[in-house]
Structures are given as C-alpha cells and as structure tokens.
Amino acid sequence: MRSALLQLSSTDDPAENLAITAARIEAAVAEGAGFVLTPEVTNCVSASRTRQQAVLQQEKDDITLAGLRDLAARRGIWLSIGSLALKTGAADGRFANRSFLIGPAGDIVARYDKIHMFDVQVSETETYRESAGFRPGTAAVVVETPFATLGLSICYDLRFPQLYRALAHAGAEVLLVPSAFSPVTGAAHWQPLLRARAIESGAWVLAAAQCGTHDAVRGKQRTTYGHSMAVAPWGEILAEAGEAPEVLWVDLSREAVDKARERVPSLTDDRDFTGP
Ligand SMILES: O=C(O)CNC(=O)[C@H](CS)NC(=O)CCC(=O)C(=O)O
C-alpha cells in the first residue's frame, strides 16, 4: 500500500488547516497514495484554552472531519486523521483528542481517544498540562483493513510500551503514532522510541507529526519537533522528515511484518513471571 505521511504545521484556525490539509491530500493522491496520514490535532494547534473553546466543535459539527471524510470518499482512499481536538459535551468541559480512520467510502471505520495525557515539565520554562484540557480515553483500538491491521495511538502514548504490546498481540501490523512532540523531548527520545516500538512489535511504525512554530497571534506560541518518520518492522528508518512541512512516502507490505517476526519471534515468546 503506497502511503503518504503528511507533516503539517497547523495553526489555531481550523478552516485554514482544513484547506491546507485537503490540498496536501489531493497532491498525495495525485502521486498515487492509497493511504494518507495526518498528525495529531490536525484541526487546531493552540496553547490557549479560550481560543480552543471558541473554535473547536463537537464531532458531529466538526468541519475537518466532514471535509476530510468527503475528500476520502471522492478519491477512494484510506485516511488516518491523526487526531482532532473536539468538544465532547462532558460535564467537566474537557475536549477529546480523537483519532479517526476513514475508509474509501468516507465512512468512519475507527475512532480512538488518546489514553495517556502529556502532563510534563520538559524544561525549566516549558510545562504541558494536557489533562487540564483533554479527557483521556480508556480503550485501545485495533482495526482490520484490506491492506493491514492497524493499531491506533497518539503522541505521548509512544512512551507506554504495554499499549503497543497489546496492539501487536491483538494483530496490529502497522502502529500509528500521529504526534505533536515537544522539541526538547523530541530531540532526546523521539527516534529511539519509534524504532523500539517497531522492533519489539515487528510492526511498521508510521508517525506523522506537527512541526515548526505554530500561530503566535492568538495565544502563547507553541513549537513542535517535526521529524515525521516511517520505520520498517525490522527497525530501519525508511523515511524521516526535517523541521518543515513535507510529505514522506512508504510502501507498506505484510511480508515485511511476517519476515521480521519469523527472524525474531519475540512477540510470541512472551512469558508470564512472578514478582518483582
Ligand atoms: O495540546 C495539543 O494541541 C495537542 N496535544 C499535544 O500536543 C500533546 C499534549 S500537549 N503533546 C504530546 O503528547 C507531546 C508528547 C511529547 O512531547 C513527549 O512524550 O515527549
């Protein structure tokens, strides 16, 4: 399956982000993509709760979801919307950080709400409190498609190997890690974590990421690490982006998964143990 990972630099203007994302998807389809992937919070990157309250919508009203479903249907492609920030109607007012797999008829084939919230002080001056704005999900999601079984995850989930173990045991051959990594932790951890998840699972890892400096006008400025990446089941980095928007290409095959797992069957060598 010829797959295109879009590295984007979304702003806090959903309409603008949709226009850019749709244009990039159209261009990828013109070059033969059958599966296109977008980063975490494709619809809105913002550090301002006020701005998010003003522009985010519930799933049923979200223009990005509607627009991209329509585009997937018109072009007959598979589309991973890495995530959308959405209102939920929850009593505590928190948003969902929700990933969608869209099928070639424009149907929502799977949804996944990010489980692990990024509540981390990454440097003396930089702190994230994702759980203040977002309500975590509680369910892991694997979805079968005609070209591969996909395991869904988002960004900070990458640091919790037990999630990927569960996804791989449930049949995942491709692990999706749409992200908006912080530059500090990205430089230190992004690449080895992605390679580790691929190697230990014998699975493809596809990580479409946000990059660059996002919209400083309507709130605190945010910068993300970029470096979108496609890692093969044996652990080779097949494509890596820089720090600006671009498209990465990778041809997914089930054979590469089978081969890696035959060579090192660690996935089926799990053992129960007592302690520690
Ligand atoms: O808030 C939004 O707009 C969307 N969500 C994010 O950007 C999230 C929470 S702040 N970012 C991460 O999970 C980065 C993880 C990371 O950098 C690490 O694990 O080191």
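Numbering of residues begins from 1 in every chain and follows the order in which that chain's sequence is written. Residues qualify for local features only when their pLDDT is at least 70, as the model is predicted, and side-chain atom pairs are given and counted only at 80 or more; totals for whole chains, interfaces and linings, by contrast, use all residues. Excluding hydrogens and water, the side-chain figures rest on all heavy atoms present in the structure.

UniProt positions are given in the numbering used here, feature names are shortened, and annotations may be inferred rather than shown by experiment. In the Sequence similarities (unreviewed entry) part of its UniProt record, the chain is described as follows: "Belongs to the carbon-nitrogen hydrolase superfamily. NIT1/NIT2 family."

Trainee: Teacher, can you tell me more about the packing of aromatic side chains here?
Mentor: When we look at a pair of aromatic rings, we describe it by the centre distance and by the angle of the planes. Two aromatic rings from Phe, Tyr or Trp, using only the six-membered ring of Trp, form a pair when their centres are within 6.5 Å; if the ring planes differ by under 30 degrees the pair is stacked, by over 60 it is edge-to-face, and anything between is tilted. Enumeration according to the criterion identifies 7 aromatic pairs in this entry. Judged by centre distance (5.1 Å) and plane angle (50°), the ring pair of phenylalanine 35 and phenylalanine 147 falls under tilted. Placement of the pair is phenylalanine 35 in strand E2 (residues 35-37) and phenylalanine 147 in the loop between strand E8 (142-144) and strand E9 (149-152), with a sequence separation of 112 residues. Burial classification: accessible surface area is computed with a 1.4 Å probe over protein chains only, and a residue below 20% of its type maximum counts as buried, one above 50% as exposed, and the rest as partly exposed. The class of phenylalanine 35 is buried, set by a relative accessible area of 0%. We call a charge positioned over a ring when the NZ of a Lys or the CZ of an Arg lies within 6 Å of the ring centre and within 35 degrees of the ring normal. The lysine or arginine in question, arginine 2, covers the ring of tryptophan 249, its NZ or CZ lying 4.0 Å from the ring centre. Here the basic side chain of arginine 263 rests over the ring of tryptophan 234, its NZ or CZ set 3.7 Å away from the ring centre. A run of H or I in DSSP becomes a helix once it reaches four residues, and a run of E becomes a strand once it reaches two; helices and strands are each numbered from the N terminus.

Trainee: Where do I start with the nonpolar core in this structure?
Mentor: Formed by 47 residues in total, the largest nonpolar core has its most connected members in Phe35, Leu150, Trp190, Leu194 and Leu206. Contacts are assigned to residue pairs that have any heavy atoms within 4.5 Å of one another. When near neighbours in sequence (up to four residues on either side) are disregarded, leucine 150 contacts Phe35, Leu101, Val141, Val142, Val143, Thr145, Ala172, Val174 and Leu176. Leu18, Leu65, Leu84 and Phe100 belong to the second-largest nonpolar core, a separate cluster that totals 20 residues. Residues enter a nonpolar core if they are buried and are Ala, Val, Leu, Ile, Met, Phe, Trp, Tyr or Cys, with the set joined through side-chain atoms within 4.5 Å.

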